[in-house]
Amino acid sequence: RAVAMSVSHSSRLNKLVREQYMRLPQDGRVQVTYVWIDGSGEGVRCKSRTLDKEPKSIEDVPEWNFDGSSTAQAEGSNSDMFLVPVCMFRDPFCLDPNKLVLCEVLKYNRKPAETNLRHTCKKVMDLVKDSHPWFGMEQEYTLLGINGHPYGWPDNGFPGPQGPYYCGVGADKVYGRDIVESHYKACLYAGVKICGTNAEVMPSQWEFQVGPCEGIEMGDHLWMARFILHRVCEDFGVVATLDPKPMTGNWNGAGCHTNYSTEEMRREGGLKHIEAAIEKLSKRHDYHICVYDPRGGRDNSRRLTGHHETSNIFEFSAGVANRGASIRIPRQVGQDGCGYFEDRRPAANCDPYAVTEAIMRTTVLNETGVETKDYADH
């Protein structure tokens, strides 16, 4: 009974009845679900429409609009916002030929909404495209019951201390694997560049990885993977939170470690370029902390304590195979003399557009200080 009470009412609806309708033919028409980032900078919203035929490219998907006053993105007196399609995926919930479409949000005057961080990220990625930046982001998240308590934890009290849960196997060590595996398959079907998953250090905490992705593709694919995660969790009646420190006390927080390289870092002798990039990052720590969570570092201050496999938020550090550093150089990279490095500072609820843009501004465009340059005129 306790387990049943921790999931949503809608998850207990008869899914076999739903399948009866999902098998009905569509007579050549296609359901397109538009997905966008709302005014919180963390939440995703969606709505669907019918197209007369299957779109073959993103150019075949028309612009649309929505009520921005209901998503904290506009006032009621001038509430229409534009949805501009930017990236299309197969729909793992309604199946082919239906589509999921990620959109940028523009205001009434066609300027990007405040939480549309893709707009400037795309400009920066276009500027640095000759560097061929590759990213891989490790999205940690925590499963919660509908009551807000970590899924599978005792109703009153706590599970045993951390130790047996990371990459664990067994009913007493992992909670919610059905959700994780369903999400993985759904991402593969959709065309999201998901490349792995594992149980994390805190029970009910999981991670999936997306990448390698080049340039703007990183943010596009991670946001769609997040949307799919929330939809899968909806079907199972639980909640996925990206809070960087969902449980206070002696429990690991949740990050979004970002692996990064340029073409010259991946070539023979690339380690010197990796070390040069880390040196640039070391001089701009405060700027990066400010953009690595949606609240200017306040969320990360609960997580980056110097404990639980994190660096201290006030200090920059780097090291080979050091999970307590701001930047970790994998041991294999040190041995090979080329490859990539990992920025361990981004919070689980970061905007991947903001993170990847900041890394490019600092390491390739050689920006310094806390101000950013506007490259709109170039």
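Note that the structure is a prediction, hence the values are computed from the model and not measured.

## Overview of the overall build of the protein
Check the secondary structure of the protein and you find eleven helices and 13 strands. For 378 residues, the compact-globule formula gives about 21 Å, and the C-alpha radius of gyration of the protein, at 21 Å, lands near that figure. One finds the centroid of the 44 positive side-chain charges in the protein at a distance of 2 Å from the centroid of its 51 negative side-chain charges.

## Some details on the domain arrangement of the protein
As assigned here, the protein comprises domain 1 (7-114) and domain 2 (123-362). Put simply, the middle of domain 1 and the middle of domain 2, counted by C-alpha atoms, are 26 Å apart. Each partner contributes residues to the interface: domain 1 has 22 residues there, and domain 2 has 26 residues. Interface of domain 1 and domain 2: buried area, both sides summed, is about 2100 Å²; carbon and sulfur atoms make up 70% of it. At the surface where domain 1 touches domain 2, the tally comes to one salt bridge. As a salt-bridge pair, Glu 42 and Arg 295 come within 2.8 Å of each other at their nearest N and O atoms. Linking domain 1 to domain 2 there are six residue pairs in polar contact (both at pLDDT 80 or more). Among the secondary structure elements, those contributing two or more residues to the side of domain 1 that touches domain 2 are helix 2 (15-22), strand 1 (30-37), strand 2 (44-51), strand 4 (80-90) and strand 5 (99-106). Within the side of domain 1 that touches domain 2, the residues separate by chemical class into 13 nonpolar, three polar and six charged.

## A look at the UniProt feature "domain: GS beta-grasp" (unreviewed entry) in the protein
Look at the UniProt record and you will see "domain: GS beta-grasp" (unreviewed entry) annotated at residues 30-110. In the segment residues 30-110, helix accounts for 0% and strand for 48%; the C-alpha atoms at its two ends are 28 Å apart.

## Focus: the packing of aromatic side chains
Under the definition given, this model contains eight aromatic pairs. With a centroid separation of 6.2 Å and an interplanar angle of 70°, the aromatic rings of Trp 153 and Phe 158 are classed as edge-to-face. Exposure remark for Phe 158: the relative accessible area of 54% places this residue in the exposed category. Geometrically, the ring pair formed by Phe 158 and Trp 251 is stacked, given 6.3 Å between the ring centres and 25° between the ring planes. Of this pair, Phe 158 sits in the loop between strand 6 (134-144) and helix 4 (177-190) while Trp 251 is found in the loop between strand 9 (239-241) and strand 10 (256-261), placing the two residues 93 residues apart along the sequence. Aromatic rings pair up to connect Phe 135, Tyr 260 and Phe 341 into one cluster. We note Arg 266 situated over the ring of Trp 134; from NZ or CZ to the ring centre the distance is 3.7 Å.

## A few points about unusual backbone geometry
Of note, the bond from Asp 96 into Pro 97 is cis; its omega dihedral lies within 30 degrees of zero at 5°. Relative to the helices and strands, Pro 97 resides in the loop between strand 4 and strand 5. Gly 211 connects to Pro 212 through a cis peptide bond whose omega is -5°. At Ser 204, a residue that is not glycine, the phi angle is positive and equals roughly 80°. On the secondary structure map, Ser 204 appears in the loop between strand 7 (194-199) and strand 8 (205-214).

## Here we look at the pattern of salt bridges
Oppositely charged side chains can form a pair if their charged atoms are brought close together. Throughout the structure, instances matching the rule amount to 25 salt bridges. Between Arg 90 and Asp 96 there is a salt bridge whose closest N-O contact spans 2.6 Å. A salt bridge links Arg 302 to Asp 299; the shortest N-O distance between them is 3.3 Å. By relative accessible area, Arg 302 is classed as partly exposed at 33%. Salt bridges sharing common partners tie together Glu 42, Asp 243, Arg 295, Asp 299 and Arg 302.

## A few points about the nonpolar core
Membership of the largest hydrophobic core comes to 65 residues, with the highest contact counts inside it found for Tyr 141, Leu 143, Val 192, Phe 208, Met 224, Ile 228 and Phe 341. No other element matches the ten residues that helix 5 (residues 217-236) contributes to this core. Lining this core are residues from two domains, each supplying at least three of them: domain 1 (7-114) and domain 2 (123-362). Once you skip the residues sitting within four places of it in the chain, Val 192 turns out to touch Phe 89, Cys 187, His 221, Met 224, Ala 225 and Ile 228.

## Some points on the pairing of strand 1
Side chains on a regular strand alternate between the two faces of the sheet. Burial analysis of strand 1 places seven of its eight residues in the buried class, the great majority of the element. Where strand 1 meets strand 2, eight bridges bridge the pair, whose relative direction is antiparallel. Within strand 2, the residue paired with Gln 31 across the bridge is Thr 50. Counted along the chain from strand 1 to the antiparallel partner strand 2, the turn is six residues long, and its residue Gly 41 has a positive phi close to 80°.

## Some words on the environment of Gln 31
Locating Gln 31 in the fold gives a position in strand 1. On the accessibility criterion, Gln 31 (29% relative accessible area) is partly exposed. Separated by 282 residues in sequence, Gln 31 and Ile 313 place their C-alpha atoms 45 Å apart. Once residues within four sequence positions are removed from consideration, Gln 31 is found in contact with Gln 26, Ser 48, Arg 49, Cys 94, Asn 98 and Lys 99.

## Observations concerning helix 5
Because an α-helix packs 3.6 residues into every turn, residues spaced three or four apart end up facing the same way. Between its first and last C-alpha atoms helix 5 spans 29 Å; for 20 residues at 1.5 Å apiece the expected length is 28 Å, and the two agree. Counting buried residues along helix 5, 15 of its 20 residues qualify, which places the element largely inside the surrounding structure. Positioned one or two residues after helix 5, Gly 237 has a phi angle of 85°, which is positive.

What counts, and where the lines are drawn
- Residues numbered from 1 in each chain as written.
- Predicted model: local features only at pLDDT ≥ 70, side-chain atom pairs only at ≥ 80, totals over all residues.
- Heavy atoms only, no water.
- Helix = DSSP H or I, 4+ residues; strand = E, 2+ residues; numbered from the N terminus.
- Rg over C-alpha atoms; globule rule 2.2 N^0.38 Å.
- Lys, Arg positive; Asp, Glu negative; His and termini not counted.
- Charge placed at Lys NZ, Arg CZ, Asp CG, Glu CD.
- Domains from an automatic or database assignment.
- Contact = heavy atoms within 4.5 Å.
- Buried area = accessible area lost by both parts, 1.4 Å probe.
- Salt bridge = Lys/Arg side-chain N within 4 Å of Asp/Glu carboxyl O.
- Polar contact = N/O pair within 3.5 Å; in protein donor to acceptor, adjacent residues only side chain to side chain.
- Nonpolar A, V, L, I, M, F, W, Y, C, P; charged D, E, K, R; others polar.
- UniProt positions renumbered as here; feature names shortened; annotations may be inferred.
- Phe/Tyr/Trp six-rings, centres within 6.5 Å; stacked < 30°, edge-to-face > 60°.
- Buried < 20%, exposed > 50% of the residue type's maximum accessible area, 1.4 Å probe, protein only.
- Lys NZ or Arg CZ within 6 Å of the ring centre and 35° of its normal.
- Core = buried A, V, L, I, M, F, W, Y, C linked by side-chain atoms within 4.5 Å.
- Pairing = 2+ DSSP bridges.
- Expected span 1.5 Å × (residues − 1).

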